[in-house]
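Understanding the architecture of this molecule
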Amino acid sequence: MPDSAVALAVVPAAQADSVGSPGLWLLSIAVLLALLTADFLVTRRPHEVLMREAVGWSVFYLTLPMVFAIWIWTAFGSGQAVEFVTGFVVEKSLSVDNLFVFMLLLAAFSVPLEVQQRVLLYGIVGALVLRGIFIAAGAALLAAGTWAFLVFGLILFASAVKILHQALTGAMTDRDIARMRSVRLLRRLMPVTDDYRGTHLTVREHGRRALTPLAVVVVAVFATDVVFAIDSVPAVYGITEDPYLVFATNAFALLGLRALYFVLHSALAKLVHLNHGLAIILAFIGLKLVLHWAHGIWHAVPQIPTPVSLAVIVAVLGTVTLTSLRARRRTAPTDPPAVRVHTTRD
């Protein structure tokens, strides 16, 4: 699989003080591939995901990082464990926003319920590959000089402004999926069938190879994965400089998204202030990165400790959850506005 090649590329870039030895990297990649293989086997036979199945897998994938954090604590100390937990909370928060976009894409392409989890799994694999590439690039930038912290900080500030603008204007819900460049290019290159064919991405029809709508939606999901990778990798580098911990937080945050989607499907629409909170978190981490860069030049500039970062992030997430629920209660008597999406059918 491409995941192993990408992740192995990160190993040479690991810093000398990284907890990730070559053996630990290889073991982690092997476990990651085994979990992905298990997910593909689960989704091999198309079926509608019931809540019991989704909750079971979600609990499993939320337990894994907690066990890993305890092991990090015992093996390397509390500092690395707190960095991992903080990074995991940040990545999980951003991945929930990723789920909301997946929800829009699945609705826009009218993806049947029985194959939705396969689309999500393809999206997770694509996200892991992209995160591996960006983690390696980030490690190389940090090795080149502390100016990389300033670059990461500015990226996060720009992302925060963009997310906040989308949250205030509703730009994401008005997005026309059919106009995505990747989707338009794909439909020009190959014919697309009128209906889904199970989990098949391509089929032979009228003597030639044709794409199914499933392939088109997978490409659309991959395109959104690029955007989220640009945001998430600098964000977690604002928590820890260890490439292995950056990789671990991303892997653990992404692995459980398939099941978590079906658990939170109805709840996602209720978190109306989630993007506001994510914008605040990204801006805060951007500030932390800029201060870290400035501290290397002027030691009088203060830095933000990781425990303080964790407290701020948890407080912001808790606040936006409460304000979202309160806002939903105020609007409960009236019908909520429907999410405007556009189908890609001709």
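As the structure is a prediction and not an experimental result, all values here were calculated from the model.

Now for the overall build of the protein chain. Helices and strands together make up the secondary structure of the protein chain, namely twelve helices and two strands. Considering the protein chain as a whole, with its 346 residues, one finds that 48% of them fall into the buried category. If you take every contact in the protein chain between residues at least 6 apart in sequence, the share linking residues at least 24 apart comes to 79%. Carbon and sulfur atoms form 67% of the exposed surface of the protein chain, whose accessible area is close to 16300 Å².

Time to look at the pattern of salt bridges. For the coordinates displayed, the defined rule picks out one salt bridge. A salt bridge links Arg131 to Glu91, with the shortest nitrogen-to-oxygen separation between them at 3.5 Å. With a gap of 40 residues between them, Arg131 in helix H5 (residues 116–144) and Glu91 in helix H4 (residues 78–108) connect regions that are remote in the sequence. Note on Arg131: relative accessible area 5%, which makes it buried.

What follows covers the pairing of strand S1 (residues 202–205). Summarising the sheet, S1 and strand S2 (residues 208–211) pair through four bridges and their orientation is antiparallel. Looking at the pairing, Glu205 lines up with Arg208 of S2. Between S1 and the antiparallel strand that follows it, S2, lie two residues; His206 among them carries a positive phi value of about 55 degrees.

Taken together, the side chains of Met51, Val55 and Val59 present a nonpolar region at the surface, about 250 Å² in accessible area. Here Met51 is to be found in helix H3 (residues 51–76).

So, on to the packing of H5 against helix H6 (residues 147–169). The N-to-C vectors of H5 and H6 enclose an angle of 135 degrees; their axes lie 7 Å apart at closest approach. When the interaxial angle is binned, H5 and H6 end up oblique. Two secondary-structure elements touch here, H5 through Gly138, Leu141, Leu142 and Ala144 and H6 through Trp147, Ala148, Phe149 and Phe152.

The subject of this paragraph is the packing of aromatic side chains. Counting across every chain of the model gives 14 aromatic pairs. Here the aromatic rings of Trp71 and Phe76 are separated by 5.5 Å at their centres, their planes lie at 85 degrees, and the arrangement is edge-to-face. Here the aromatic rings of Phe84 and Phe252 are separated by 5.8 Å at their centres, their planes lie at 80 degrees, and the arrangement is edge-to-face. Here Phe84 is found in helix H4, whereas its partner Phe252 is found in helix H9 (residues 243–255), with 168 residues between them in sequence. Phe252 matches Phe84 in its accessibility class, with the two residues each being buried. Taken together through their ring pairs, the aromatic side chains of Trp25, Phe68, Trp71, Phe76, Phe84, Phe88, Tyr244, Phe247 and Phe252 make up a single cluster.

Next up on the list: H6. Here H6 is 23 residues long and its end C-alpha atoms lie 33 Å apart, about the 33 Å a rise of 1.5 Å per residue gives. Residues of H6 that are buried: Ala148, Phe149, Phe152, Gly153, Leu156, Ser159, Ala160, Ile163 and Gln166. In this fold, the buried residues of H6 make contact with H5, helix H8 (213–237) and helix H11 (274–297).

The next subject is the nonpolar core. Looking at soluble globular proteins, one finds that nonpolar side chains tend to be buried together. Grouped together as the largest cluster of nonpolar side chains are 88 residues, with contacts concentrated most on Phe109, Val111, Tyr237 and Ile285. Of all the elements, H4 adds the most residues to this core, at 15 residues. Contact partners of Ile285, with chain neighbours within four places excluded, come to Val90, Leu156, Ala235, Gly238 and Ile239.

Mapping Arg118 onto the fold places it in helix H5. It is Asp39 that comes nearest to the buried, bridge-free Arg118 among opposite-charge side chains, at 9.7 Å. Residue contacts for Arg118: discarding those within four places in its chain leaves Phe40, Thr43, Arg44 and Thr199.

Our focus in this paragraph is the environment of Leu189. Structurally, Leu189 is set in helix H7 (residues 181–189). Put simply, Leu189 and Leu211 are 22 residues apart on the chain and 9.8 Å apart in space, counted from C-alpha to C-alpha.

Time to look at the packing of H5 against H9. Each pair of packed helices gets described by two things: the angle between the helix axes and the distance between those axes. In the contact formed by H5 and H9, the axes pass within 10 Å of each other and the chain directions differ by 165 degrees. It follows from the interaxial angle that H5 and H9 lie roughly antiparallel. In this structure, the crossing between H5 and H9 has a hand that is right-handed. Residues Ile124, Ala127, Leu128, Arg131, Ile135 and Ala139 of H5 pack against Pro243, Val246, Phe247, Asn250, Ala251, Leu254 and Leu255 of H9.

Considering every residue of the protein chain, the mean pLDDT works out to 77; 84% of them sit at 70 or more. Per-element averaging of pLDDT across the protein chain places helix H1 (residues 2–10) at the bottom with 42 and H9 at the top with 91. Note that residues 1–16 has pLDDT below 50 and, in this model, 33 contacts with residues that lie over four places away or in other chains. Segment residues 173–177: pLDDT under 50, and 16 contacts once partners within four positions in sequence are set aside and those in other chains are kept.

What counts and how
Note that residues are indexed from 1 along each chain, following the sequence as it is written. In keeping with the predicted nature of the model, local features appear solely for residues at pLDDT of at least 70, side-chain atom pairs appear and are counted solely at 80 or more, and the whole-chain, interface and lining totals rest on all residues. To obtain the side-chain values, all non-hydrogen atoms of the structure were included, while hydrogens and water were left out. In this text, helices come from DSSP runs of H or I with a minimum length of four residues, and strands from runs of E with a minimum of two, each type numbered from the N-terminal end. Each residue is assigned to one of three classes by its accessible area relative to the maximum for its type, calculated with a 1.4 Å probe on protein chains only: buried under 20%, partly exposed between the two thresholds, exposed over 50%. By definition in these notes, contact holds between two residues if any of their heavy atoms fall within 4.5 Å. Calculation of accessible area relied on Shrake-Rupley with a 1.4 Å probe; when residues are assessed, cover is drawn exclusively from the protein chains displayed. A pairing counts as a salt bridge when a side-chain nitrogen of Lys or Arg comes within 4 Å of a carboxyl oxygen of Asp or Glu. Any two strands are treated as partners once DSSP identifies two or more bridges connecting them. Note that patches include only residues with greater than 30% relative accessible area and no salt bridge, and the join distances are 9 Å for like charges and 5 Å for nonpolar side chains (Val, Leu, Ile, Met, Phe, Trp, Tyr). In this analysis an axis means a line fitted to C-alpha atoms, helices contributing only their contacting stretch, and an angle means the value between N-to-C directions, from 0 to 180 degrees. Any angle between 65 and 115 degrees counts as roughly perpendicular, while under 35 counts as roughly parallel, over 145 as roughly antiparallel, and the rest as oblique. A pair of aromatic rings is counted whenever rings of Phe, Tyr or Trp (Trp by its six-membered ring) have centres within 6.5 Å, and the orientation is called stacked for planes under 30 degrees apart, edge-to-face for over 60 and tilted otherwise. Here, expected helix span is obtained from the residue count minus one, scaled by 1.5 Å. In plain words, nonpolar cores are sets of buried Ala, Val, Leu, Ile, Met, Phe, Trp, Tyr and Cys residues tied together by side-chain atoms within 4.5 Å. The convention is simple: Lys and Arg are positive, Asp and Glu are negative, and His and the chain ends are not counted. By the definition used in this description, the sense in which the near helix is turned from the far one sets the handedness, with an anticlockwise turn below a right angle giving left-handed and a clockwise turn giving right-handed. Confidence of the predictor at the level of single residues is given by pLDDT, which spans 0 to 100.

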